[in-house]
Each structure stands twice: as structure tokens, then as C-alpha cells.
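Okay, here's what each chain looks like letter by letter:
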Amino acid sequence: MQNHSDRRIPVGLVATVSALAIAVGGATAWWSVNSRNSEPPNSVNSSTVDPNGQTPSVSPTVEPDSPPPTVVSPTTEQTVEVFVIQDSGTRFELTPMPVSVQASEEPTALVAAGFEQLFAEPQDESGFSEIPQGTQLLNLDIKDNGVYVDLSPEFEFGGGSTSMTARLGQVVYTATTLDPNAPVWISVNGEPLEILGGEGLEIPRPITRTEFDREFPL
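Residues numbered from 1 in each chain as written. Predicted model: local features only at pLDDT ≥ 70, side-chain atom pairs only at ≥ 80, totals over all residues. Heavy atoms only, no water.

## Considerations on the nonpolar core
Convention followed: Among the buried residues, those of types Ala, Val, Leu, Ile, Met, Phe, Trp, Tyr and Cys that are joined through side-chain atoms within 4.5 Å form a nonpolar core. Residue burial is assigned from relative accessible area. The probe radius is 1.4 Å, only protein chains are included, and a residue is buried under 20% of its type maximum, exposed over 50%, and partly exposed in between. What counts as a helix is a DSSP run of H or I of at least four residues, what counts as a strand is a run of E of at least two, and both are numbered from the N terminus. Contacts: residue pairs with any heavy atoms within 4.5 Å of one another.
Of all hydrophobic cores here, the largest spans 40 residues; its most connected members are F115, V149, L168 and I186. Contributions of two or more residues to this core are made by β1 (77–87), β2 (92–102), α2 (107–118), β3 (137–143), β4 (146–151), α3 (161–175) and β5 (184–188). Each residue touching V149, except ones within four places of it in the same chain, is listed here: F115, L137, N139, L140, V171, A175, V184, W185, I186 and S187.

## Some points on the packing of aromatic side chains
What characterises a pair of aromatic rings is the spacing of the ring centres plus the angle enclosed by the ring planes. Rules: Classification of ring pairs uses Phe, Tyr and Trp, with its six-membered ring standing for Trp, and accepts pairs whose centres are within 6.5 Å; under 30 degrees between planes counts as stacked, over 60 as edge-to-face, and the remaining range as tilted.
Within this structure, the stated rule accounts for six aromatic pairs. Connected via pairs of aromatic rings, a cluster forms that spans F83, Y173, F212 and F216.

## Describing the pairing of β5
Along any regular strand the residues' side chains alternate between the sheet's two faces. We count it as follows: The rule for pairing is simple: two strands pair if DSSP sees at least two bridges between them. The handedness rule is simple: strands pointing away from the viewer, and a clockwise path from the first strand over the helix to the second, make the crossover right-handed.
The element β5 is largely enclosed, with a buried count of five among its five residues. With burial as the criterion, each face of β5 is covered, one bearing V184, I186 and V188 and the other bearing W185 and S187. As judged from the five bridges shared by β4 and β5, these two strands associate in the parallel manner. Across the sheet, residue D150 finds its bridge partner in β5, namely S187. Once the chain exits β4 it traverses α3 before rejoining the sheet at β5, and the crossover so formed is right-handed. As paired strands, β5 and strand β6 (residues 191–192) are joined by two bridges and run antiparallel to one another. Bridge pairing in β6 places V188 opposite E191. Once β5 ends, the chain turns through two residues before running back antiparallel as β6, passing N189 with a positive phi of about 55°.

## What to know about the pattern of salt bridges
When the charged atoms of two side chains lie near each other, side chains of opposite charge can form a pair. Let me state the cut-off plainly: We count a salt bridge whenever a side-chain nitrogen from Lys or Arg sits within 4 Å of a carboxyl oxygen from Asp or Glu.
Across all of its chains, the model carries one salt bridge by this definition. Notably, a salt bridge pairs R214 with E215, separated by 3.4 Å at the nearest N-O pair. A relative accessible area of 52% means that R214 is categorised as exposed.

## Focus on the pairing of β4
The buried fraction of β4 is high, at five of six residues. Here six bridges tie β3 to β4, and the two strands are oriented antiparallel to one another. Note on β4: the bridge partner recorded for L140 is V149. The loop that links β3 with its antiparallel partner β4 comprises two residues.

## Focus on the environment of E125
Inspection of the secondary structure puts E125 in the loop between α2 and β3. For E125, a relative accessible area of 70% corresponds to the exposed category. In the structure, E125 is positioned 39 residues away from Q86 in sequence and 8.8 Å away in space, judged by C-alpha atoms.

## Focus: the packing of α2 against α3
As a reminder, the rule being used: All axes here are fitted lines through C-alpha atoms, helices being fitted over the stretch that makes contact, and every angle between N-to-C directions spans 0 to 180 degrees. Throughout, the term roughly parallel applies to angles under 35 degrees, roughly antiparallel to angles over 145, roughly perpendicular to angles from 65 to 115, and oblique to all others. Crossings are sorted by hand: turned counterclockwise from the far helix by less than a right angle, the near helix makes the crossing left-handed, and turned clockwise it makes it right-handed. Here the nonpolar group is Ala, Val, Leu, Ile, Met, Phe, Trp, Tyr, Cys and Pro; Asp, Glu, Lys and Arg are the charged ones; every other residue, Gly included, is treated as polar.
Running from amino to carboxyl end, α2 crosses α3 at an angle of 150°, the nearest separation of the two axes being 10 Å. The angle between α2 and α3 places the two elements in the roughly antiparallel class. Our pair here, α2 against α3, has a crossing hand that is right-handed. Every residue of α3 that contacts α2 at V111, F115 and L118 is listed here: Q170, V171, T174 and A175. Considering only residue class, the contact of α2 with α3 consists of five nonpolar, two polar and no charged.

Structure follows, in C-alpha cells:
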């Protein structure tokens, strides 16, 4: 006689339970993967935490220093005009020639530096000088009543009337390069220049550009 307690589990039930287990396992795996992928980008990984449990600070980005501004050196030279003689073919003419001198805020220093350049016997396409070689500027002073020019004795040496007239014009015009209307007081070795040359050119005291052009045409 057959024992009824020996019952078998239906095959359909086993299949159903297995399918359910597989589904639950798959869901669990999907949730784990997505949990890791959805970790916030700013979360701190445990490997970046120091042994004391402190999160290291992030150093700010340091921008490179801007280069220092370019420093423009002050101008060390200045241009003034001295006057030379130019031969036009029919007559001599006083012609301005720009020269570079050491920059200064003092008008006296600028005019004196111009005379030094003039006495260096400039001679190029701009013209030539009738001032005798060896002439020196002994003193120059600019005052309220005019420009005082004291020259060495060489200024009176050599040449005829045309040369004397030309060199006088060079001095008068160069002395007034900063103020064309200023009167000029000319001395030689400290003595007032009243007569120039053996032919006796009488020099007004003071003399201006206007007087020179009227009294001493080249």
C-alpha cells in the first residue's frame, strides 16, 4: 500500500521560486551599480582623507604676476639752433643749424652749450662758420635786459669786413636763439665790444637782430 506522506513538490512551483530569486538578485545588482555611478562628483574619496580624518584644503589657483610697467628714461638731450653762414651764390646768409646739447631747464646753460657747438667749427651741408678758430665763450648770462656774451680775444682776429660782419651776425643770432627779440651785449675779454676789426665796424650796445639786419647786411 502506498504512503501518502511522501509528497513531491510540484515542478511548476520550483520554477516559479527560481525565477523570483533570479529577478531579485538582478535588481539588487542593478541598484548597487547605479548607486556607485551616481556618486556626486564633489564627494571626497576616503583615500584623500588624512589619518586625522581631516579633508585636505584645496589651494587656490595663483595667477602669475603682471610684468612691471616699462620705465621710460627721461630725455638727456635737447635741440637748440645755432647760426652758420651759407653761400647762396650771390650773397651770404645766416642759416639756423639744429644741434643737440645736454638737456637743461636753465636757458643760460642751453645757449652756452649752443655756442660751444658753434665754436667747434661746424661745416657741412648746413653751412660754415666765420668765427676764428680758437674763439672761446668766456661767460654768458641771460638777464631781464638782454643776453650778455663775453668772448675770448681770438674773436677779433683775421678776416675782412665781410668776415667780421658774418661772425657778428652768428653771435647775435645764436645768442637770441631762445628769444629772437632779446638785445645782445657783446664783450671781448671782459671789455665792451664797440669797434670790430681794422676797418672799424661800430657795434651798437646792445644790438638786436633787427639792428644787425639793418646796419650790417651780408
